[in-house]
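Here's the letter readout for the chains.
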Amino acid sequence: ARLTALADVYDALRRKRPHKPAYSHARAVECILREMDGAFDPAVLRAFEVCQDRFQRIFLSVIS
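As the structure is a prediction and not an experimental result, all values here were calculated from the model. (Residues numbered from 1 in each chain as written. Predicted model: local features only at pLDDT ≥ 70, side-chain atom pairs only at ≥ 80, totals over all residues. Heavy atoms only, no water.)

**Student:** Describe in detail the pattern of salt bridges, supporting the description with residues and values.
**Tutor:** Taken as a whole and assessed by the stated rule, the structure comprises five salt bridges. One salt bridge connects Arg 27 with Glu 35, and the closest N-O pair in it is separated by 2.8 Å. Its relative accessible area of 30% is what places Arg 27 among the partly exposed residues. A residue is classified by how much of its surface remains accessible, and Glu 35, at 43% relative accessible area, is partly exposed. Put simply, Glu 49 and Arg 34 hold a salt bridge, and the shortest N to O gap is 3.7 Å. A residue pair is termed long-range when its members are at least 10 positions apart, and Glu 49 in helix α3 (residues 42–63) and Arg 34 in helix α2 (residues 25–35) qualify at 15 residues. (Salt bridge = Lys/Arg side-chain N within 4 Å of Asp/Glu carboxyl O. Buried < 20%, exposed > 50% of the residue type's maximum accessible area, 1.4 Å probe, protein only. Helix = DSSP H or I, 4+ residues; strand = E, 2+ residues; numbered from the N terminus.)

Right under this line is the structure:
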């Protein structure tokens, strides 16, 4: 559930919404790592920081 929560936030940040533009990968990563203090399990955040490039590849493969 903790992993899915982070992945859901990443996806929501990357997609355009009626109330906000789509964030770039770099902006989404910065937001998750630096601006959502306490929102995610610290171990999950460390893992995300290490493999965040995979999130980018998966996101791009899904929207193409």
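**Student:** Explain the environment of Tyr 23 residue by residue, including any values.
**Tutor:** The residue Tyr 23 is located in the loop between α1 (2–14) and α2 in this model. Between the C-alpha atoms of Tyr 23 and Phe 55, which are 32 residues apart in sequence, the distance is 13 Å. Each residue touching Tyr 23, except ones within four places of it in the same chain, is listed here: Leu 13, Arg 14 and Ala 28. (Contact = heavy atoms within 4.5 Å.)

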